[in-house]
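Chains, contacts and geometry: an overview
Read off the chains here:
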Amino acid sequence: MVFLIILNKVRTMDNSTQKPSDNLNIVIVGHVDHGKSTLLGRLYADTGSLPDGKLEKVQAICQQQGKEFEYAFLFDAFLEEQEQGITIDTARTFFGWKGRQYIIIDAPGHKEFLKNMISGAARAEGALLLIDALEGVKEQSKKHGYLLSLLGVRQFAVVVNKMDLVGYRQDVFDGIEKEYREFLGQFKAVPQQVIPVSAKLGDNIANRSEQMPWYTGPTVLDALSAFRKEPGRSEQPLRLPVQDVYKFDARRIIAGRITAGQLKVGDSLVFSPSNKRATVKSIEAFNVDPLPVEGHAGQSVGVTLDEQIFVERGEVASHQEQLPLVSTAFRANVFWLGRKPLERGRRYQLRVATKEVDCEVATIHRIIDTMDLAQQQGSSVVNKNQVAEITIRAKAPVAFDLSASFEATGRFVLVDEYDIAGGGIVTELVHDDQEFLREEARQRDFAWVKGEVGVEDRAQQYGHRAAIVLVTGGRHTGKSFLARTIEARLVADGRHAYLLDGGNLRRGLDADLSEGERGQAAEMARRYGEVARLLVDTGLIVVSTTNPFGMAYVEAAQAIRTLVHPVPVIAIHMSKAPEEAPPNTDIVLSGPIDFDAATRRILEELKRRGVLAQAIGAKPTFQYSI
Amino acid sequence: MRHLRQLEDQSVYILREAYKHFDNLAMLWSMGKDSTVLLWLARKAFFGHVPLPLLHVDTSFKIPAMIEYRDRVAREWGLKLVVGQNKEALAAGMNPTLGRVNCCTALKTNGLKQLIEQKGYTGIILGVRADEEGTRAKERYFSPRDKHGDWDFRDQPPELWDQFKTTFPPGTHIRIHPLLDWTEINIWEYIKYENIPFIDLYLDKGDGTRYRSLGCAPCTTPIKSTAKTVDEIIDELRHTTVAERSGRAQDEGRGMELLRKDGYM
């Protein structure tokens, strides 16, 4: 028995020319000149992954030009990278070893190395981090180690290279290993292996080194073989960020990639942050017979639901027992790659899984010095290639997780103008002032008893969706008159609209409130929001003003939004002279108002937002629908 | 076949991201094995539908069997096919004897650029793979092209996790590469696994040769091979150390690098 196992092992050690099908994305990082290209060239040569005659060809060119052959030369896919003009004209970014192909995501040698290293590492399933034995742990060694952790690369081996230059001494290796492990330990990163090698001479790459009998661990290729293909994300709670909703035929398919956990036909799903619920009716697929009945982490799936609920891209489906967090704010560690520095107060696009929403950096807590992680360094900007702790505030609630618990929904990128300019991981939920109302909405929606008629049915019948048209502004700006004009216009057009004046609640629903409570407006806004929620559930377009809330209209508008979410709120702000409008205002009206023109503008906005169908009686075409 | 499913899941995710973010999106289809797998993946992503036009830049020098295959599959799968051709260059007598890079630039690169400009496409999906040749190994999944269709490979925007570059200044466009992580063997394994109909030029039909990579007739030569089935192709590829595109003349010298910098696919 024992012999058999050994024999088997010997056989697999022989890396025949057969190319395997399994593959693993790896990235090679480390300080400049610590030997990345040499290691790559060596890996290709030692695994027999070079095309016929390639090694000899490069060697011959070196001889011609009278210089020593280096394995690094094998790795120059672009002519420009080597002035000497030595290149490999077929791509060699794959090498095979023991039944697996290793894909080197990004070859070194670029000017913008950190940006490429990060792009590469973000796609990597494993990494090799190189440290020069002669030079020891350098700034980039630390930065790259920290970034690997930030990027979620948990499988990595530290390769201490150029051991030949330090006489293969164990004490040098031990010193570097100790120093580097201590550094990694500060952010709880643990390398799979720390391996002493000489990439140039081939020690401990494919073959065990005879120069270092004191080292008994695996070679670099053995360490790579031990990297696992997939971490156990299927065992986690379900996360399915909605990527798109398709209606190519009779099926209405919610498409997305399961980023954690699994789902089955018959599962009840909750979509956050809208709190909509439905049951999985089927899992759709092309050229699969019979259709699958379950889906797992990593799979791009499409599901149909038992009822036509309104969900859109950016929401995260989960099971009700383990919901994602929802807030407009979170604390995070970010790395910045943008040409322009990351500034507090500037507007960026935040992307968490499939959610895309405008945001700003509320606070830059500190710049993280990757040489000395403990150091406190305040700043009002984060410059290119810096890492920082920040708080992000989004314009709308986002469903997310902490990165310690979930990978894909716990990280994000920031887009500056047209480019992804930075990324990061969520470390903490930051409570916002809507938290209690959001929780109330969530509990209320989960317990909501529904009839047979759905939102979609009402929309088809009425020729429009439910919505709230909310007019904000100071005293005597004409809000009430505008609201009445809009209501009249909508009803004249055959829409189902209703003017809900907050004042009407005062003597009835709000009769039990004390003067003090009325002064604060918070409870009034909550009650108003719940009434509005009932009315929009009947399919109405509710027109309203924030009159009863006095100058607290900004907070009141926010509370109403939270309580009626995800029903669209079209916000109009009126003022006598130009002034700053509340967040998320759609239409700003200042100065003398032409009420008819304003009403037309608002109707156009309702059409643009997909609330009104383009023609009365026609089948509504809704921008966000179906 | 788990690794094929993983590749499929990633490609499908990319295709759906592209479809969501680009109003005027098209997919290049050369009828070769890669872009045919890409087309199949689109049917996977969109549940049997192909909700975007397929572009073929016809150089007029294609192998006739490829055109027949194109029209038949387009009919059977209900594809929206858009064929472009650089008629001016052809009228002026462009052909491979005037220099291969010149010919490729005029008939393929410029043919494609004309088509993109004419139709105003902002996203073009292509079946390039990182393992094909050196310049393609540097590609991103979503790769911006400037107003002239040029590619600045030295200064590419970062691509993090599953977040791609989907916003771009007016006048520019994005090339989208869902097959970047696939290898030549993966392509054939997937064709076998999914039973995807492919053009039989890839098989030896008795004369001991087959095409390994398909392009224009004058500039593509068959390889010596007796592979008559997909299984035999896979077996042959597992043991070869000859580059896939060795039969493609445009790869000689700095050909591909120069071509791709200027917007070649």
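Here's what I pulled together on the structure shown here. Just so we're clear, the structure is a prediction, and the values are computed from it rather than from any experiment. (Residues numbered from 1 in each chain as written. Chains lettered and ligands numbered in written order. Predicted model: local features only at pLDDT ≥ 70, side-chain atom pairs only at ≥ 80, totals over all residues. Heavy atoms only, no water.)

Broken down by element type, chain A carries 14 helices and 27 strands. Evaluated residue by residue, chain A yields a buried proportion of 55% over its 626 residues. Considering only residue pairs separated by 6 or more positions, chain A has 71% of its internal contacts joining residues 24 or more positions apart. For chain A, the computed accessible surface area is about 26,800 Å², with 50% contributed by carbon and sulfur atoms. (Helix = DSSP H or I, 4+ residues; strand = E, 2+ residues; numbered from the N terminus. Buried < 20%, exposed > 50% of the residue type's maximum accessible area, 1.4 Å probe, protein only. Contact = heavy atoms within 4.5 Å. Areas by Shrake-Rupley, 256 points an atom, 1.4 Å probe, with all protein chains shown as cover.)

Here the focus is the pairing of strand E17 (residues 347-352) of chain A. Within a regular strand, side chains alternate between the sheet's two faces. Residues and elements named next belong to chain A. Both E17 and strand E18 (residues 355-368) contribute to a ladder of six bridges, which runs antiparallel. The residue of E18 that forms the bridge with Val 352 is Lys 355. Taken together, E17 and the strand that follows it, E18, pair antiparallel across an intervening segment of two residues, in which Ala 353 is found at a positive phi of about 50°. Strand direction decides the pairing type here: E17 and strand E21 (residues 411-416), joined by three bridges, are antiparallel. If you follow Gln 349 over to E21, its bridge partner there is Val 415. (Pairing = 2+ DSSP bridges.)

Let us now look at the nonpolar core. Ranked by size, the top nonpolar core spans 75 residues in total, and within it B:Leu15, B:Val37, B:Leu79, B:Ile125, B:Phe142 and B:Ile176 carry the most contacts. Apart from the residues lying within four places of it in its own chain, the contact partners of B:Ile176 are B:Ile14, B:Ala18, B:Phe22, B:Leu25, B:Gly123, B:Ile124, B:Ile125, B:Leu126, B:Tyr141 and B:Phe142. Formed by 73 residues, the second largest nonpolar core is a distinct cluster that contains A:Leu40, A:Phe95, A:Ile176 and A:Ala223. (Core = buried A, V, L, I, M, F, W, Y, C linked by side-chain atoms within 4.5 Å.)

Residue and element names in this part refer to chain A. Running from N to C, helix H8 (residues 435-447) and helix H13 (residues 553-564) point in directions that differ by 25°, and their axes come no closer than 8 Å. With respect to each other, H8 and H13 are oriented roughly parallel. In this structure, the crossing between H8 and H13 has a hand that is right-handed. Contacts from Leu 437, Arg 438, Glu 440, Ala 441 and Arg 444 of H8 reach H13 at Ala 559, Thr 562 and Leu 563. Looking at side-chain class alone, the contact of H8 with H13 contains four nonpolar, one polar and three charged residues. (Axes fitted to C-alpha atoms, helices over the stretch in contact; angles between N-to-C directions. Parallel < 35°, antiparallel > 145°, perpendicular 65-115°, else oblique. Left-handed = near helix turned anticlockwise from the far one by under 90°. Nonpolar A, V, L, I, M, F, W, Y, C, P; charged D, E, K, R; others polar.)

What follows concerns the packing of aromatic side chains. Centre distance and the angle of the planes are the two values used to describe a pair of aromatic rings. One pass over the structure, following the stated rule, counts 27 aromatic pairs over all chains. Ring plane angle 55° and centroid distance 5.9 Å describe the contact between A:Phe248 and B:Tyr19, whose orientation is recorded as tilted. On the criterion of chain membership, the pair formed by A:Phe248 in the loop between strand E7 (240-246) and strand E8 (253-257) and B:Tyr19 in helix H1 (residues 2-21) is interchain, its members lying in two chains. Taking relative accessible area as the criterion, B:Tyr19 reaches 25% and is therefore assigned partly exposed. With centroids separated by 4.9 Å and ring planes inclined at 55°, the aromatic side chains of B:Tyr19 and B:Phe46 adopt a geometry described as tilted. Residue B:Tyr19 is located in helix H1, and its partner B:Phe46 is located in the loop between helix H2 (33-45) and strand E2 (54-57); the two are separated by 27 residues in the primary sequence. Looking at B:Phe46, the relative accessible area reads 1%, which means it is buried. (Phe/Tyr/Trp six-rings, centres within 6.5 Å; stacked < 30°, edge-to-face > 60°.)

Here we come to the sheet that holds E2(B). Residue and element names in this part refer to chain B. Reading across from one edge, E3-E2-E1-E4-E6-E5 is the order of the six strands in this open sheet, with mixed pairing throughout. Where the open sheet ends on each side, the last strands, each with one partner, are strand E3 (81-84) and strand E5 (142-145). With direction set aside, neighbouring strand axes in the sheet form an average angle of 30°. Pairing geometry for strand E4 (residues 123-125) and strand E6 (residues 173-176), over three bridges, is parallel. Paired with Ile 125 across the bridge in E6 is Ile 176. Against the sheet, H2 engages strand E1 (25-28), E2 and E4, with an angle of about 140° to E1.

All names here are of chain A. An order of E24-E25-E23-E26-E27 is seen for the five strands of this open sheet, with the pairing classed as parallel. With one partner strand each, in any of the chains shown, strand E24 (497-499) and strand E27 (587-590) form the two edges of the open sheet. Ignoring strand direction, the axes of neighbouring strands in this sheet form an average angle of 15°. Bridging between strand E26 (residues 569-575) and E27 involves four bridges; their strand directions are parallel. If you follow Ile 572 over to E27, its bridge partner there is Ile 587. This element, H13, spans strand E23 (467-473) and E26 of the sheet and lies at about 170° to E23.

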